[in-house]
Amino acid sequence: MEREPGAAGVRRALGRRLEAVLASRSEANAVFDILAVLQSEDQEEIQEAVRTCSRLFGALLERGELFVGQLPSEEMVMTGSQGATRKYKVWMRHRYHSCCNRLGELLGHPSFQVKTLLIRGIIRYVASSTHRRVRSSFSLWLSSSASYSTARIVQPLELALSALLKFVQLEGAHPLEKSKWEGNYLFPRELFKLVVGGLLSPEEDQSLLLSQFREYLDYDDTRYHTMQAAVDAVARVTGQHPEVPPAFWNNAFTLLSAVSLPRREPTVSSFYVKRAELWDTWKVAHLKEHRRVFQAMWLSFLKHKLPLSLYKKVLLIVHDAILPQLAQPTLMIDFLTRACDLGGALSLLALNGLFILIHKHNLEYPDFYRKLYGLLDPSVFHVKYRARFFHLADLFLSSSHLPAYLVAAFAKRLARLALTAPPEALLMVLPFICNLLRRHPACRVLVHRPHGPELDADPYDPGEEDPAQSRALESSLWELQALQRHYHPEVSKAASVINQALSMPEVSIAPLLELTAYEIFERDLKKKGPEPVPLEFIPAQGLLGRPGELCAQHFTLS
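Residues numbered from 1 in each chain as written. Predicted model: local features only at pLDDT ≥ 70, side-chain atom pairs only at ≥ 80, totals over all residues. Heavy atoms only, no water.

Colleague: For the pattern of salt bridges, give the residues involved together with the corresponding values.
Modeller: For the structure shown, the criterion picks out 17 salt bridges. R63 is the partner of E65 in a salt bridge, and the nearest nitrogen-oxygen pair spans 2.9 Å. With relative accessibility at 42%, the residue R63 sits in the partly exposed group. We note a salt bridge from E474 to R471, for which the minimum N-O separation is 2.9 Å. According to the relative accessible area criterion, E474 is partly exposed, its value standing at 41%. For R471, a relative accessible area of 44% puts it in the partly exposed group. Connected via shared salt-bridge partners are K412, R416, D458 and E479. (Salt bridge = Lys/Arg side-chain N within 4 Å of Asp/Glu carboxyl O. Buried < 20%, exposed > 50% of the residue type's maximum accessible area, 1.4 Å probe, protein only.)

Laid out in structure tokens, this is it:
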């Protein structure tokens, strides 16, 4: 190809070839000249070639000049007796595949700008492709592209994502597969799998790209197919990697947690790929089908062994973002019980999900309160999730239908732990115990047992794991009487509440959950001291008193 030296010369030469190919099919061989520039080692020439290829094949797709349907072999078509138009379209589709292959090789180019142009160009071609080999290769290129610093590649990748989604819409308008019957729902599923597969990269953190992708999840069709593609991506990556990289799990969770279903059936469907007519037979138009796919998506993700940090992220949203939107919430029992056995904060968060299944979905889980009882140990007052723990524990023990022996066991265990707790925790635990006694009058025997056993014969067994066998109801809350002599006056005052009849309205512990030692110290500093006490009823006059007094007779200031 004859061209002037420099980037401007390459641009003009490629522009002439582009105009010739688009103007006449007889100039189709000029595509070889354009593709040849893609083999160049010069950065600027590659940029111009990618731009030209993007314009060329983008125009051919919109004009319908690429073969539609299952692509046959080029040799078979060119030597056969098919018409010239069919041969041209098949030939151009194969040139299109050649371009995709070369663009895939250039994805690892060291120039960030070239990488941007390649992605933006290749997505235009893959957008209409039905060739499995091209699609699988492109998926591999997306997931194995060179690793660059996040600050430098954010913009190129964002442009690539925007272009990919643009051509999802383009292929929806100009499908490369034939409709099998009237009203057949066509969506570029394979192309969209490439988008989701690129977002769920096993090597790179794609959180910034995923945040940009969230806006497309407001559309019914993209949300539905995102969930389906995520299921396939999780199965593919977990099958290819004996140990799945943490980056993949983080990307997958970011994407899955961004999917939110409407609470009720929308009156009007919102589609990203515009439709002239909506058919009631399309699954994508029904909330019931969305909930079914949503459930399959989460279950396919949660059945694998996740990093502990991800367990916590999932459990923090499971009660309000996952369970209410599942078609069968009780299927989460395996994940929640598995998380419950991990201990610590994860067990507490898992119990929150189990509590919802028990109360709203009639789940049978007899060991629920035994698990909660086992979480009560001296460390619970010092962990960073202390406020969340007691908030949820207050919720779990709020029912007035719990047996007295169970509530007594929790009250006694908390009272025993309170003996070594810091003041900021005691100011929250003591009202918590009193609230338990208010809800369950049968447990007030713990503070009104005048002829109870001596301290050295306390029947309560603190080492028993089963609250039903702890014999707490036979004991007393002598620990609260001991805390009435606590060194901090506010703790002593809070423990002295049991000396009087407990009022029926409960005391809200919400303001006390986040209380810290620093806040208590600051509050004590701001307290005003007592007014000065007068020590003499006759006011003093002068420094040495009145003139007739003894001090004035023997001393003088002169």
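Colleague: Which residues make up the side chain of H486, and what are the values?
Modeller: Following the sequence through the fold, H486 ends up in the loop between helix 21 (478-483) and helix 22 (489-495). Residue classification places H486 among the buried residues on the basis of a relative accessible area of 18%. Engagement of the side chain of H486 in a polar contact is seen with the backbone nitrogen of H488, the distance being 3.0 Å. Those residues in contact with H486 that lie beyond four places of it in its chain are P423, L426, V491 and S492. (Helix = DSSP H or I, 4+ residues; strand = E, 2+ residues; numbered from the N terminus. Polar contact = N/O pair within 3.5 Å; in protein donor to acceptor, adjacent residues only side chain to side chain. Contact = heavy atoms within 4.5 Å.)

Colleague: Requested: an account of the packing of helix 12 (residues 246-258) against helix 13 (residues 287-302), with residues and values cited.
Modeller: Running from N to C, helix 12 and helix 13 point in directions that differ by 155°, and their axes come no closer than 11 Å. Of the possible angle classes, the one that applies to helix 12 and helix 13 is roughly antiparallel. Every pair of crossing elements has a handedness; the one defined by helix 12 and helix 13 is left-handed. Here W249, A252, F253, L256 and S257 of helix 12 come into contact with helix 13, specifically with M297, W298 and F301. Across the contact of helix 12 with helix 13, the residue classes tally to seven nonpolar, one polar and no charged. (Axes fitted to C-alpha atoms, helices over the stretch in contact; angles between N-to-C directions. Parallel < 35°, antiparallel > 145°, perpendicular 65-115°, else oblique. Left-handed = near helix turned anticlockwise from the far one by under 90°. Nonpolar A, V, L, I, M, F, W, Y, C, P; charged D, E, K, R; others polar.)

Colleague: Talk me through the environment of D232; I want residue IDs and the actual numbers.
Modeller: Structurally, the position occupied by D232 is in helix 11 (residues 220-240). On the basis of relative accessibility, which here comes to 35%, the residue D232 falls in the partly exposed class. Residues D232 and V196, 36 residues apart in the sequence, show an inter-C-alpha distance of 9.6 Å.

Colleague: Describe the confidence of the model for the protein chain, listing the residues and the values that go with them.
Modeller: For residues with low pLDDT, the predicted coordinates do not support detailed interpretation. Across the protein chain, the average pLDDT comes to 81, with 83% of residues at 70 or higher. For the protein chain, the element scoring lowest by mean pLDDT is helix 6 (residues 112-126), at 46; helix 19 (residues 404-418) scores highest, at 95. Per-residue pLDDT stays below 50 along residues 104-118; that stretch engages in 37 contacts with residues further than four places along the chain or on separate chains. The model gives residues 141-157 a pLDDT under 50, and that stretch makes 33 contacts with residues more than four places away or in other chains. (pLDDT = per-residue confidence, 0-100.)

Colleague: Could you give me a rundown of unusual backbone geometry, with the residues and numbers involved?
Modeller: Of note, the phi angle at N362 is positive, near 60°, even though the residue is not glycine. Here N362 shows up in the loop between helix 16 (344-361) and helix 17 (368-374). Under the relative-accessibility criterion, N362 is labelled exposed at 66%. For R471, which is not glycine, the phi dihedral falls at a positive 60°. Residue position: R471 is located in the loop between helix 20 (423-439) and helix 21.

Colleague: Report on the packing of helix 12 against helix 14 (residues 308-322), specifying residues and quantitative values.
Modeller: In the contact formed by helix 12 and helix 14, the axes pass within 11 Å of each other and the chain directions differ by 10°. The angle between helix 12 and helix 14 places the two elements in the roughly parallel class. Along the contact surface, helix 12 presents W249, N250, F253 and S257, while helix 14 presents L310, K313, V314 and I317.

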